[in-house]
Amino acid sequence: MNISNTASIAPGMEKATFGTGCFWCTEAMFESLDGVSEAVSGYEGGTKANPTYKEVCTGTTGHAECVEVTYDPKKITYAELLQAFFRSHDPTSLNRQGADVGTQYRSVIFYHNDEQKQLAETIKKELNESGAYDKPIVTEISPASTFYVAEDYHQSYFANNPEQGYCAFVIAPKLDKFRKVFKDKLKSSELSSH
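All of these numbers come straight from a predicted model, not from anything done at the bench.

1. Regarding the nonpolar core
Working step 1: Core analysis: the largest hydrophobic core is formed by 38 residues, its most contacted members being Phe18, Phe30, Leu33 and Leu81.
Working step 2: Secondary structure elements with two or more residues in this core: strand E1 (14–20), helix H1 (23–31), strand E2 (36–44), strand E3 (64–71), helix H3 (78–87), helix H4 (114–130), helix H5 (157–160) and helix H6 (165–181).
Working step 3: Other than its neighbours up to four places away in sequence, Leu33 contacts Ile76, Leu81, Ala84, Phe178, Phe182, Lys185, Leu186 and Lys187.

Okay, structure coming up:
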């Protein structure tokens with residue numbers, strides 16, 4: 001199992017980590033944004049070292065399926081990534097996204113510094129106060145801990161398996177909606193392919 005090391009990122013780049021349910025969908029959405037150089041599926045926030053997908057799926061390790069995003073803050077800000085995060089899933093649903101149920105599918109932001117923490121808390125508070133959602137936002141905001149890179153077959157899952165049932169019937173429609181909302185923030189390759 002690979003462990004991500006924030007210290008190894010290129011100069012000028014930053015990390016952000018989000019959990020919005022199944023990481024296949026989360027990865028596909030963040031990969032489409034201009035300024036995101038990499039979105040890696042993995043596990044964070046649990047107690048077991050080097051968890052496997054099978055172990056995380058039991059809900060007993062405490063990890064969330066999440067995506068670690070490497071981005072260029074000159075092209076896309078953390079605030080814009082948070083906007084994409086909140087618009088891409090139901091942040092009012094506790095430990096569940098659609099048919100995926102369990103703590104491993106929780107809505108979570110793992111912040112990498114105090115600025116990310118403050119911005120995430122501020123936006124969550126503003127969204128709650130604005131009435132943007134019918135129910136209170138339950139998104140967990142926690143310090144980043146060890147990020148375990150998921151098994152190779154989970155990486156770029158949607159891109160590699162577009163005809164697979166879950167990809168075709170769950171991820172594709174969600175990604176199409178996401179692309180319409182964030183069309184001004186998409187990579188040029190995303191714009192020309194849709």
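2. Overview of the pattern of salt bridges
Working step 1: One pass over the structure, following the stated rule, counts six salt bridges.
Working step 2: Residues Lys15 and Glu68 are paired through a salt bridge, measuring 3.4 Å at the closest nitrogen-oxygen approach. Separated by 53 residues along the polypeptide, Lys15 in strand E1 and Glu68 in strand E3 bring together distant segments of the chain. Side by side, Lys15 and Glu68 carry an identical accessibility label, which is buried.
Working step 3: The salt bridge partner of Asp176 is Arg179, with a shortest N-O separation of 3.8 Å. On the criterion of helical spacing, the pair formed by Asp176 and Arg179 is a turn pair, its members being three residues apart in helix H6.
Working step 4: A residue is classified by how much of its surface remains accessible, and Asp176, at 36% relative accessible area, is partly exposed.

3. A look at the packing of aromatic side chains
Working step 1: Counted by the stated rule, this structure contains nine aromatic pairs.
Working step 2: Ring centres of Trp24 and Tyr157 lie 3.7 Å apart, and the angle between their planes is 5°; this geometry places the pair in the stacked category. Placement of the pair is Trp24 in helix H1 and Tyr157 in helix H5, with a sequence separation of 133 residues. Tyr157 carries the same exposure label as Trp24, and that label is buried.
Working step 3: A ring pair is formed by Trp24 and Tyr166, whose centres lie 5.7 Å apart and whose planes are at 75°; its orientation type is edge-to-face. Of this pair, Trp24 sits in helix H1 while Tyr166 is found in helix H6, placing the two residues 142 residues apart along the sequence.
Working step 4: Relative accessible area serves as the criterion here: at 11%, Trp24 is assigned to the buried category.

Calculation notes
- Residues numbered from 1 in each chain as written.
- Predicted model: local features only at pLDDT ≥ 70, side-chain atom pairs only at ≥ 80, totals over all residues.
- Heavy atoms only, no water.
- Core = buried A, V, L, I, M, F, W, Y, C linked by side-chain atoms within 4.5 Å.
- Buried < 20%, exposed > 50% of the residue type's maximum accessible area, 1.4 Å probe, protein only.
- Helix = DSSP H or I, 4+ residues; strand = E, 2+ residues; numbered from the N terminus.
- Contact = heavy atoms within 4.5 Å.
- Salt bridge = Lys/Arg side-chain N within 4 Å of Asp/Glu carboxyl O.
- Phe/Tyr/Trp six-rings, centres within 6.5 Å; stacked < 30°, edge-to-face > 60°.

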